[in-house]
Amino acid sequence: MTRRKRKVEEPTADAVREHSPGNLRPELLAFAQGRTTEVKRKLDKAMKDIELDIEANERIYPYNGGRVTQAEVCRRAGIRKATLQGDAHKLTTKLVVNEFVARIRTLAIKGARSVRRNVTDRANYWKDAHRQIADAYRIDALRYEAGLTELEKLKAESRPLQQQNAELQDQNAELLKQNADLRTQTARLTEHNAQLREQVGRLSGSNVVLLPPRVP
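Since the model is a prediction, treat every value here as computed from it, not as a measurement.

A. Quick peek at the overall build of the protein. Each helix and strand counted, the protein has 5 helices and 0 strands in total. When the helices and strands of the protein are listed from N to C terminus, the series reads α-α-α-α-α. When burial is assessed residue by residue, the protein has 17% of its 216 residues classed as buried. Counted over contacts in the protein with a minimum sequence separation of 6, partners at least 24 positions apart contribute 58%. Accessible surface for the protein amounts to roughly 18100 Å². Of this, 55% is attributable to carbon and sulfur atoms.

What follows is the structure in structure tokens.
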């Protein structure tokens, strides 16, 4: 028959003092003190994490049914609740944990019914906010579609005007061309007239008699 081995637990500071009242070995005392310090560190971290959870969830603790107790702090710290009853903690660390639990109870929303009511109120709030956003989106979509329809209508109405404008631009370009041709002809006639005047002046100063043109 195989005998079941007893689980060997690591000694605590209480055990060291109890079993070695007058003959403490330095290495055992250092080990026990280290365990005590580690327990305090884990509890401090657990309490800080609990506060962050409550803050992130708007005053609702998201675990243990919304209840923050001494046992819940120990569970988050990964230690047994009985650890706080030892001589190393019952007058120090345990009191700190109890004060923390009492303070958190005044800040957090507690009680399953209160938590459910608060969660329901938040859910209704976000449902209403979502509905308002959806309504606003649908209204904007309808306005956008109406705007597209109006734009197409204006485009259709503007096409004849655009055609007329293009024709007027062509006519204007033709008139400008004709005006340029007239200016060129006027300049040539002016130059020719000046040449005739010069010839008349030369003839007037000579003895040449201008005969009238012969009639056939």
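B. Spotlight on the environment of Pro 62. Structurally, Pro 62 can be placed in the loop between helix H2 (26-56) and helix H3 (70-77). Along the sequence, Pro 62 and Ile 50 sit 12 residues apart, while their C-alpha atoms lie 9.2 Å from each other. Ignoring anything within four residues of it in the chain, the contact list for Pro 62 reads Asp 53 and Asn 57.

C. Just the nonpolar core, in detail. Among the nonpolar cores identified, the biggest contains 17 residues, and Leu 43, Ile 50, Val 68, Val 73, Val 97 and Phe 100 are the most heavily contacted of them. The dominant element in this core, judged by the number of residues it contributes, is H2, at 6 residues. With residues up to four places along the chain from it excluded, the contact list for Val 73 reads Leu 43, Ala 46, Met 47, Ile 50, Val 68, Val 97, Phe 100 and Val 101.

D. Just the packing of aromatic side chains, in detail. One pass over the full model with this rule turns up 1 aromatic pair. Centroid distance Tyr 61 to Tyr 63: 5.6 Å. Interplanar angle 75°. Geometry classified as edge-to-face.

E. Here's a closer look at the pattern of salt bridges. Per the stated rule, a full pass over the model turns up 7 salt bridges. Glu 38 is the salt-bridge partner of Arg 41, the closest N and O atoms lying 2.6 Å from each other. Of the two residues, Arg 41 and Glu 38 are both situated in helix H2; the distance of 3 residues between them amounts to about one turn of the helix. Since its relative accessible area comes to 31%, Glu 38 is described here as partly exposed. A salt bridge links Lys 177 to Asp 181; the shortest N-O distance between them is 3.6 Å.

F. Representation of H3 in the model. What H3 keeps buried is the set Gln 70, Glu 72, Val 73, Cys 74 and Ala 77. Positive phi appears at Gly 78, one or two residues downstream of H3, with a value of about 80°.

G. Structural view of the side chain of Gln 70. Mapped onto the secondary structure, Gln 70 falls in helix H3. Here Asn 98 takes part through its side chain, which lies 2.6 Å from a polar atom of the side chain of Gln 70. What Gln 70 contacts, discounting residues up to four positions off in sequence, is Lys 81, Leu 84, Gln 85, Lys 94, Val 97, Asn 98 and Val 101.

Analysis parameters
Residues numbered from 1 in each chain as written. Predicted model: local features only at pLDDT ≥ 70, side-chain atom pairs only at ≥ 80, totals over all residues. Heavy atoms only, no water. Helix = DSSP H or I, 4+ residues; strand = E, 2+ residues; numbered from the N terminus. Buried < 20%, exposed > 50% of the residue type's maximum accessible area, 1.4 Å probe, protein only. Contact = heavy atoms within 4.5 Å. Areas by Shrake-Rupley, 256 points an atom, 1.4 Å probe, with all protein chains shown as cover. Core = buried A, V, L, I, M, F, W, Y, C linked by side-chain atoms within 4.5 Å. Phe/Tyr/Trp six-rings, centres within 6.5 Å; stacked < 30°, edge-to-face > 60°. Salt bridge = Lys/Arg side-chain N within 4 Å of Asp/Glu carboxyl O. Polar contact = N/O pair within 3.5 Å; in protein donor to acceptor, adjacent residues only side chain to side chain.

Just distances and angles here, no functional claims.
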